[in-house]
Amino acid sequence: MLKRLLAATTLAYGLGLSVASAETISMWVRTGIGDSFKEVVKAYNAAGEDKVELTEVPFSELVQKYATAIAGGQAPDALSLDLIYTPAFAAAGQLEDLSEWAKSLPYFSSLSPSHVKLGTYEDKIYGLPLSVETSIFAWNKELYRKAGLDPEKAPKTWEEITANAEKIRALGGDTYGFYFSGGGCGGCMIFTFTPLVWGAGADILSPDSKKATLDTPEMRKAVDIYRNLVAKDTVPAGSASDNGVNFLTFTNGKIGQQSIGAFAIGTLVTQHPEIDFGVTLIPGVDGKPSSFAGGDNFVVTKGTPKLEAVKKFLEFTYSMEGQKIMAKYGSLPTRGDIAGEVLEGLDPRLKVGIEAIAVAKTPYTLQFNDLINSSNGPWATFINAAIYGDDVDGAFSNAQSEMQSIIDAGQ
């Protein structure tokens, strides 16, 4: 679906149509991007001659609206785009090739590797990291204490996590040992669940993204771990119908453990100071950690007359000043070479989010939405059926077949 939409709009922007004055960069961002990037823009606008004019677009509408705007010659100069969609727009010829400039940046090699990978198409760079998000594991130290567990000991295996979950659930009432948004939220579960298999060296797609590789011993083990957590009543029943609305249930203080996003560290610190929590990397099924690298890439619309001004703004965002502003307002540094200095004086738990970047992955496919994000897609359907259903073999077989069909149709 996305591929057809992009194909229909290819080249339309490059017909000499411009949408903003020479001194102002127009840029779209998704609603909910947070204060970190807005504050960077505010600082840039206050200090420089060029200005950045932000327009917020509802997250669910951004991809289609951008493609439609390109077709009508009304696209912004730049866009904050969920990194998973970067390959599709690059493949459609709608983004500026930033390769030469990007590689000339002295800190290029220190930029978030998953973002750069997703920003690359046919060896050319079309997207660079703007906001970096990683998935991590959190535990409630107070509930650990009450359950007789060591609150300062981060669990390193799923055997430990499961045993801890049972002890926390034994506290009774509405206190549970674990939580995840499993009810058709493909995006939630690619973010928090897939690291279990990535850490063990397996994946859901082949390296060239042409084969579905869902049915592996590692994925079978990961499913068994989650099924066991559900079967032992360590997970609230509402998990099965949660489409992501309650993704941060950990903040209610009644959940002992949950895989969350590093962004939630800031949320917990500022909005839930009553919760004493620890964070660590998400263990794989064999104990080796991994993470999902999410967030947004900075992309530039092909044909914009303001390319040089856009580059200047992105360089400011990557500067020490820009990185410190973003970190102050809850965003992880995109530059690993200065991450320590950027986070100095901030909550030390943010460093776990940085550690996660080094082991994080993001599936590379032009069909991410149809395969994974769609609530009716094979990944979301698989998660629900495999973890909550009675026919695990059928769930694997159906999802493997459906994923391969979607991949084959897009070749």
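Conventions adopted
Residues numbered from 1 in each chain as written. Predicted model: local features only at pLDDT ≥ 70, side-chain atom pairs only at ≥ 80, totals over all residues. Heavy atoms only, no water. UniProt positions renumbered as here; feature names shortened; annotations may be inferred. Helix = DSSP H or I, 4+ residues; strand = E, 2+ residues; numbered from the N terminus. Buried < 20%, exposed > 50% of the residue type's maximum accessible area, 1.4 Å probe, protein only. Contact = heavy atoms within 4.5 Å. Pairing = 2+ DSSP bridges. Salt bridge = Lys/Arg side-chain N within 4 Å of Asp/Glu carboxyl O. Domains from an automatic or database assignment. Buried area = accessible area lost by both parts, 1.4 Å probe. Polar contact = N/O pair within 3.5 Å; in protein donor to acceptor, adjacent residues only side chain to side chain. Nonpolar A, V, L, I, M, F, W, Y, C, P; charged D, E, K, R; others polar. Axes fitted to C-alpha atoms, helices over the stretch in contact; angles between N-to-C directions. Parallel < 35°, antiparallel > 145°, perpendicular 65-115°, else oblique. Left-handed = near helix turned anticlockwise from the far one by under 90°. Phe/Tyr/Trp six-rings, centres within 6.5 Å; stacked < 30°, edge-to-face > 60°.

Under an unreviewed UniProt entry, the chain has the name Multiple sugar transport system substrate-binding protein and belongs to Sinorhizobium americanum. In its Sequence similarities (unreviewed entry) section, UniProt records this for the chain: "Belongs to the bacterial solute-binding protein 1 family."

## Examining the environment of Trp101
If you trace the backbone, Trp101 turns up in helix H5 (residues 99–104). Overall, Trp101 belongs to the buried group, its relative accessible area being 13%. Through-space distance from the C-alpha of Trp101 to that of Asp233 is 54 Å; in sequence the pair is 132 residues apart. Contacts of Trp101, omitting those with residues within four sequence positions, involve Leu128, Lys311, Leu314 and Glu315.

## Side note on the pairing of strand E3 (residues 78–82)
Put simply, side chains in a regular strand alternate between the two faces of the sheet. Counting buried positions along E3 gives five out of five residues, so the element sits mostly inside the fold. Every second residue of E3 is oriented toward a common face, with Ala78, Ser80 and Asp82 on one face and Leu79 and Leu81 on the other, all of them buried. Of the strand pairs in this sheet, strand E1 (residues 24–30) and E3 are connected by two bridges, and their pairing is parallel. Each bridged residue has a counterpart across the sheet, and for Trp28 the counterpart in E3 is Leu79. With five bridges connecting them, E3 and strand E10 (residues 289–300) associate as antiparallel partners. Bridging from a neighbouring strand, Ala78 pairs with Val300 of E10.

## Notes on the pattern of salt bridges
For the coordinates displayed, the defined rule picks out 19 salt bridges. A salt bridge links Arg30 to Asp296; the nearest nitrogen and oxygen atoms lie 3.2 Å apart. Pair noted here: Arg30 is in strand E1 and Asp296 is in strand E10, with a separation of 266 residues, a long-range link. A salt bridge links Arg145 to Asp276; the shortest N-O distance between them is 2.9 Å. Separated by 131 residues along the polypeptide, Arg145 in helix H7 (residues 141–146) and Asp276 in the loop between helix H12 (263–271) and strand E8 (277–280) bring together distant segments of the chain. Residue classification places Arg145 among the partly exposed positions, given a relative accessible area of 38%. Residue class for Asp276 comes out partly exposed when judged on its relative accessible area of 30%. Here the salt bridges do not stand alone but share partners, grouping Glu142, Arg145 and Asp276 into one network.

## Focus: the domain arrangement of the chain
Taken domain by domain, the chain holds domain 1 (22–131 + 293–359) and domain 2 (134–290 + 363–408). The distance between the C-alpha centroids of domain 1 and domain 2 comes to 28 Å. On the side of domain 2, 19 residues touch domain 1, which itself brings 19 residues to the contact. Both faces considered, domain 1 and domain 2 share a buried interface measuring about 1,700 Å² in area, 70% of it formed by carbon and sulfur atoms. Seen at the junction of domain 1 and domain 2, the total is six residue pairs in polar contact (both at pLDDT 80 or more). Elements with a minimum of two residues in the side of domain 1 that touches domain 2: helix H4 (86–91), helix H6 (113–118), strand E4 (120–121) and helix H16 (350–359). By residue number, the principal contributor to the side of domain 1 that touches domain 2 is H16, which donates seven residues. Taken together, the residues that form the side of domain 1 that touches domain 2 break down as 13 nonpolar, two polar and four charged.

## Looking at the packing of helix H11 (residues 217–231) against helix H19 (residues 392–409)
Interaxial distance between H11 and H19 falls to 12 Å at its minimum, and their mutual angle equals 130°. Taken together, H11 and H19 sit at an angle that is classed as oblique. Remark: the crossing between H11 and H19 carries right-handed chirality. Contact with H11, carried on its side by Met219, Arg220, Val223 and Arg227, involves Val392, Asp393 and Phe396 of H19 and no other residues of that element.

## Quick look at the packing of aromatic side chains
Tallied over the full model, the rule gives 21 aromatic pairs. Relative to Phe313, the ring of Tyr44 has its centre 5.0 Å away and its plane inclined at 70°; by these criteria the two rings are edge-to-face. In this pair, Tyr44 sits in helix H2 (residues 35–47) while Phe313 sits in helix H13 (residues 307–318), placing the two residues 269 residues apart along the sequence. When its relative accessible area of 7% is taken as the criterion, Tyr44 is described as buried. Residue Phe313 is classed as buried on the basis of its relative accessible area of 1%. With centroids separated by 6.0 Å and ring planes inclined at 20°, the aromatic side chains of Phe180 and Tyr388 adopt a geometry described as stacked. Residue Phe180 is located in the loop between helix H8 (158–169) and helix H9 (186–192), and its partner Tyr388 is located in helix H18 (residues 378–388); the two are separated by 208 residues in the primary sequence.

## Concerning unusual backbone geometry
One non-glycine residue, Glu122, adopts positive backbone phi at about 50°. Tracing the sequence through the fold places Glu122 in the loop between E4 and strand E5 (124–125). Residue classification places Glu122 among the exposed positions, given a relative accessible area of 61%. Even without being a glycine, Asp233 presents a positive backbone phi close to 60°. Secondary-structure assignment places Asp233 in the loop between H11 and strand E7 (257–261).

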